[in-house]
Amino acid sequence: AMKLNHLRDVVGIAESGSVHAATRRLGIAQPLLTRNLGNLERELGGKLFERRRRGMVATSLGILVIDGAHKILSEVELLST
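Residues numbered from 1 in each chain as written. Predicted model: local features only at pLDDT ≥ 70, side-chain atom pairs only at ≥ 80, totals over all residues. Heavy atoms only, no water.

Student: Could you clarify how one ought to interpret the nonpolar core in this entry?
Tutor: Among the nonpolar cores identified, the biggest contains 12 residues, and these are Val10, Ile13, Val19, Ala22, Leu33, Leu37, Leu40, Leu48, Phe49, Met56, Val65 and Ile66. Of all the secondary structure elements, the ones that give two or more residues to this core are α1 (4-16), α2 (19-26), α3 (30-44) and α4 (60-79). Not counting chain neighbours up to four residues away, the residues in contact with Phe49 comprise Val10, Ile13, Ala14, Leu37, Glu41, Met56, Val57, Ala58, Thr59 and Ile66. (Core = buried A, V, L, I, M, F, W, Y, C linked by side-chain atoms within 4.5 Å. Buried < 20%, exposed > 50% of the residue type's maximum accessible area, 1.4 Å probe, protein only. Helix = DSSP H or I, 4+ residues; strand = E, 2+ residues; numbered from the N terminus. Contact = heavy atoms within 4.5 Å.)

Structure, rendered in structure tokens:
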């Protein structure tokens, strides 16, 4: 099942441009981030990012998920203040 931390992970990768940079930003280990991304991609039935030599680029599915994740995480932030 999709979890908030998976949404944070996707946003972190999108904003950082790579898994490596996202791990520093999110403060989690690279294998965990890679596993979370893989699980989410399997759950959604498609790749969220294209892995390129210079980093990660969102696919069309990824763009939809990132947009939705931003909205959900913003709402969660408002609830917790």
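Student: So what exactly am I meant to see when it comes to the pairing of strand β2 (residues 55-58) here?
Tutor: Successive side chains on a regular strand alternate, one facing one side of the sheet and the next facing the other. Relative to β2, strand β1 (residues 49-52) runs antiparallel, the two sharing four bridges. The residue of β2 that forms the bridge with Glu50 is Val57. Turn length for the β1-β2 hairpin, with the two strands adjacent in sequence and antiparallel, is two residues. (Pairing = 2+ DSSP bridges.)

Student: What exactly am I supposed to notice about α3 here?
Tutor: One turn of an α-helix holds 3.6 residues; hence residues three or four places apart share an orientation. Taking 1.5 Å as the rise per residue, α3 with 15 residues should run 21 Å; its terminal C-alpha atoms sit 21 Å apart, in good agreement. Where the residues of α3 are buried, they touch α1, α2, β1 and β2. Phi turns positive, to about 80°, at Gly45, one or two residues after α3. (Expected span 1.5 Å × (residues − 1).)

Student: What is the right way to look at the pattern of salt bridges in this model?
Tutor: A side chain of one charge can pair with a side chain of the opposite charge when the charged atoms of the two come close. Summed over the entire model, instances satisfying the criterion amount to five salt bridges. Among the ionic pairs, Arg25 bridges to Glu15, the shortest N-O distance being 2.4 Å. Taken together, the residues Arg25 in helix α2 and Glu15 in helix α1 connect sequence positions 10 residues apart. Classification of Arg25 by relative accessible area gives partly exposed; the value is 49%. Residue Lys47 is joined to Glu41 by a salt bridge in which the shortest nitrogen-to-oxygen separation is 3.6 Å. Classification of Lys47 as exposed rests on a relative accessible area of 51%. Accessibility expressed as a relative area gives 5% for Glu41, which makes it buried. What you see here is one network of salt bridges that share partners, running through Glu41, Lys47 and Arg51. (Salt bridge = Lys/Arg side-chain N within 4 Å of Asp/Glu carboxyl O.)

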